[in-house]
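# Coordinate inspection notes
Take a look at the letters that make up each chain.
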Amino acid sequence: MKKICIISEFYPYEGEPLFPFVQQLAYSLSNENVDCTVVAPQSITKNIIRHMAPKPVEITDISPDDKKIRVLRPYILTFSNTKNKALQWIADKFMERAIRRGVEAAGDIDAVYCYFWHVGLMTSIALKKLDVPIYVQASECELTIHPYMKTQQNLSRVKYVICASGKNRNESVAAELVDKENTTVIVNGYRTDEFYSIPKTTARAKLGISPEKFVVVFVGGFIERKGIRQLSNVLDRFDDVYSIFVGQGEEPPQCKNILFSGKVPHNQIVNYLNCGDIFVLPTRAEGCCNASIEALACGLPVISSNKAFNDEILNDACSIRIDEQNEDELYKSISELKDNIVRRNEMAHAAIEKAKQLTIEHRAKAIKNVVFGDKAQSGSQFEKVEE
C-alpha cells in the first residue's frame, strides 16, 4: 500500500468545517488503497484569542467507507493580522517546524501532497534534509507567496504540480514557480453520496418552502469576493424571487424575500441546494469552485463568472456566465431562467450530465496516477473531462 502525507492549513473538526475538500480527497484516496496521514497545524494564538479549546494533537478520522485517516495537528504560532515582517517570519518558522515534525511522525511515506503554493514551499524548506517527493495542489484564488520562499533551491524540490484549473496552471507558470511540463490540470470533485438530485417538492417540504416559489440558492462565504453584495442588490429588484443563502461571513445578505440565511453542516447543504431553481455565485476569484460543482450535481443551472477559473467546470449547456460585477447582466440572467422553464429544465439535465465528469472518485484516481503512476495517463483522462 502506498502512503501519502497531506499538508494543509486546516482540516475539518467539530464545529469547524474548514477545508472539507482536503478531507474529501483523503477519503477518496483511501478508497484507492492509499494510506493517508494529514498534517494540519493548529494555531495556539487563534485558540487563545477566540477562547477555543485546543484540538487533539492526533485523532483518527473514520471515512464514510470505514477507512482510517490519521490526522496530526501540531501547535504553531500565527500572527495573521500583522504586517510586521519579523512576526510573520517567526510564524513561518513555527509552521515549517510543525510540518517537519508532522511528516516525521507520519513515518515511512512515499509522497507529500501540499495544499497551495505557500504551504508547498514551506514544506520544501522544512523537508530539505528528507528525500521525499513533494507535490503541490495549486487551486488558490490568488497566489500569496513570501519572496524569500521563491528560491530555485526550494522550487526544485517540488516534483510536480496538480492544478485545479487552467487558470491556476497559467498563474503558476507565469509566476515562474514551475515549468508547464511539470503540471497537469485535475479539477475539483464532489462525493456522489453527499451531493445528488432530490425531487424539489420533497426537499422543499422538508424545509417548509412553498413549491410555487422561484428560489435562487447561493452557497459560499458572505464576503466581498463572492459577490454577495451584487446578488443582494439584484434580488432586491424582484418582487417574486426568493433566496437561500448558505454560508457565513462579515457581509450577510441584505435583501427581501430571504427564506434562509446561515451556516449549515456540510452534509445538509444538499437539502438546501435541492430547494433551488437555480444556483447563483457571482464570484470574482476562485481556484476551482467546489460550490458550483456541487450545485451541478444537484441538477441546478448555474449563473456565475465568465472568468477563466470556471472554464473547466461550466459550459453553455449548464450555465450562464456573466461579468460578475455587472448587476444588469446578473438581473437579466436570473430573469431569463425564471421566465423560461423549458430552458431551465434543459440546463438542469445538462448540469447532471456535466457533474458525472466531476466526481471526487475521478479526481482521486487521477491524482493517484500522477503521484504513484502514469502522469501521461492522468493528463489524457483530464483532457476528456475538459472537452
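Each chain has its residues counted from 1, running along the sequence as written. In keeping with the predicted nature of the model, local features appear solely for residues at pLDDT of at least 70, side-chain atom pairs appear and are counted solely at 80 or more, and the whole-chain, interface and lining totals rest on all residues. As a rule here, side-chain values cover all heavy atoms of the structure and leave hydrogens and water aside.

## As for the overall build of the protein chain
Broken down by element type, the protein chain carries 14 helices and 16 strands. Compactness check: the protein chain gives a C-alpha radius of gyration of 21 Å against a globular reference of 21 Å for 387 residues, within 12% of the reference. Throughout this description, buried means an accessible area under 20% of the type-specific maximum (1.4 Å probe, protein chains only), exposed means over 50%, and partly exposed covers the range between. By the burial criterion, 53% of the 387 residues in the protein chain qualify as buried. Pairs of residues are marked as contacts when any of their non-hydrogen atoms sit within 4.5 Å. Counting contacts in the protein chain only where the partners sit at least 6 residues apart, residues at least 24 apart contribute 66% of the total. By the counting scheme adopted, Arg and Lys are positive, Glu and Asp are negative, and His together with the chain ends is not counted. Each charge is placed at NZ for Lys, CZ for Arg, CG for Asp and CD for Glu. Distance from the positive charge centre (48 side chains) to the negative charge centre (50 side chains) of the protein chain: 5 Å. For helices the rule is a DSSP run of H or I covering at least 4 residues; for strands it is a run of E covering at least 2, with both sets numbered from the N terminus onward. C-alpha atoms define the radius of gyration in this analysis, and the globule rule sets the expected value at 2.2 Å times the number of residues to the power 0.38.

## Description of the nonpolar core
Residues grouped as a nonpolar core are buried Ala, Val, Leu, Ile, Met, Phe, Trp, Tyr and Cys residues, joined through side-chain atoms within 4.5 Å. Within the largest apolar cluster, 58 residues are counted, with the highest numbers of intra-cluster contacts made by Leu-273, Phe-279, Ile-303 and Ile-334. Element by element, the count of residues in this core is highest for strand β11 (residues 214-219), at six residues. Discounting chain neighbours no more than four positions away, the residues touching Leu-273 are Phe-195, Val-217, Val-219, Phe-279, Glu-294, Ala-295, Cys-298 and Leu-300. In this structure, Cys-5, Ile-125, Val-132 and Val-158 belong to the second largest nonpolar core, which totals 32 residues.

## Considering the pattern of salt bridges
In the sections that follow, a salt bridge refers to a side-chain nitrogen of Lys or Arg positioned within 4 Å of a carboxyl oxygen of Asp or Glu. All chains considered together, the criterion is met by 23 salt bridges. Salt-bridge contacts for Asp-65 lead to Arg-191; the nearest nitrogen and oxygen are separated by 3.5 Å. In this pair, Asp-65 is assigned in the loop between β4 (58-62) and β5 (68-72) and Arg-191 in the loop between β10 (183-185) and α7 (200-207), connecting sequence segments 126 residues apart. For Arg-191, a relative accessible area of 4% gives the class buried. The partner of Asp-240 in a salt bridge is Lys-338, and the shortest N-O contact between them spans 3.3 Å. Placement of Asp-240 in the loop between α8 (228-235) and β12 (241-246) and of Lys-338 in helix α11 (residues 327-339) is noted, with a sequence separation of 98 residues between them. Among the residues examined, Asp-240 registers a relative accessible area of 41% and is labelled partly exposed. Connected through shared salt-bridge partners, Lys-200, Arg-204, Asp-277 and Arg-344 make up one network.

## A look at the sheet that holds strand β8 (residues 134-138)
Adjacent strands of a sheet pair through backbone hydrogen bonds, lying either parallel or antiparallel. With mixed pairing, the eight strands of this open sheet are ordered in space as β4-β5-β2-β1-β7-β8-β9-β10. The outermost strands of the open sheet, each flanked by one partner alone, are β4 and β10. Across the sheet, the mean angle separating the axes of adjacent strands is 25° when strand polarity is ignored. When DSSP finds two or more bridges between two strands, those strands count as paired. Sheet topology note: the β4/β5 ladder contains five bridges and is antiparallel. The residue bridging Ile-59 from the neighbouring strand is Val-71, located in β5. Axis geometry follows a simple rule: fit a line to the C-alpha atoms, using only the stretch in contact for helices, then measure angles between N-to-C directions, giving values from 0 to 180 degrees. Here helix α13 (residues 360-372) sits on the sheet in contact with β1 (2-7), β2 (34-39), β7 (111-115), β8, β9 (158-163) and β10, set at roughly 130° to β7.

## Things to note about the environment of Ile-244
Relative to the helices and strands, Ile-244 is located in strand β12. For the pair formed by Ile-244 and Ser-261, sequence separation is 17 residues and the distance between their alpha carbons is 6.1 Å. Setting aside anything within four residues of it in sequence, one finds Ile-244 in contact with Ile-209, Val-215, Val-216, Val-217, Phe-218, Leu-259, Phe-260, Tyr-272 and Cys-275.

## Considerations on unusual backbone geometry
Trans is the prevailing form of peptide bonds, just as negative phi is the prevailing case for residues other than glycine. If you check the backbone angles, Phe-116 has positive phi at about 90° while not being a glycine. With a phi close to 60°, Glu-176 is a non-glycine residue in the positive phi region. As for its position among the elements, Glu-176 is in the loop between α6 (166-174) and β10.

## Observations regarding the packing of helix α1 (residues 20-31) against α13
Between α1 and α13, whose axes approach to 9 Å, the crossing angle comes to 70°. Taken as axis vectors, α1 and α13 run roughly perpendicular relative to one another. Contacts from Gln-24, Leu-25, Ser-28 and Leu-29 in α1 reach Ile-360, Ala-364, Ile-367 and Lys-368 in α13. Under this grouping Gly is polar, as are all residues other than the nonpolar Ala, Val, Leu, Ile, Met, Phe, Trp, Tyr, Cys and Pro and the charged Asp, Glu, Lys and Arg. Classifying every residue of the contact of α1 with α13 by side-chain character gives five nonpolar, two polar and one charged. Under this scheme an angle from 65 to 115 degrees is roughly perpendicular, one under 35 degrees roughly parallel, and one over 145 degrees roughly antiparallel; angles in between are oblique.

## What about the layout of surface pockets?
Computed over the protein atoms alone on a 1 Å grid, cavities are sets of points where a 1.4 Å probe fits but cannot get out and pockets are open sets with protein on both sides within 12 Å along at least five of seven lines; a residue lines them when it has an atom within 4 Å of a point. Grid points are joined across faces, edges and corners, and a volume is the space filled by probe spheres set on the points. Looking at the second largest pocket, its volume works out to about 380 Å³. Lining the second largest pocket are 19 residues, and of these Pro-12, Tyr-13, Gln-23, Tyr-27 and His-266 lie nearest its centre. At the level of secondary structure, the elements contributing two or more residues to the lining of the second largest pocket comprise α1 and β4. Here the lining of the second largest pocket takes four residues from α1, the largest share from any one element. Per-class residue counts for the lining of the second largest pocket are eight nonpolar, five polar and six charged.

## Some remarks on the pairing of β7
Where burial is concerned, most of β7 is hidden: five out of the five residues are buried. Alternating residues of β7 divide into Ala-111, Tyr-113 and Tyr-115 and Val-112 and Cys-114, and every residue in both groups is buried. Both β7 and β8 contribute to a ladder of four bridges, which runs parallel. Residue pairing in the sheet places Tyr-113 in a bridge with Tyr-135 of β8. Handedness of a crossover: with both strands directed away from the viewer, a clockwise path from the first strand across the helix to the second marks it as right-handed. Regarding the hand of the β-α-β motif, the stretch spanning β7, helix α4 (residues 117-126) and β8 is right-handed.

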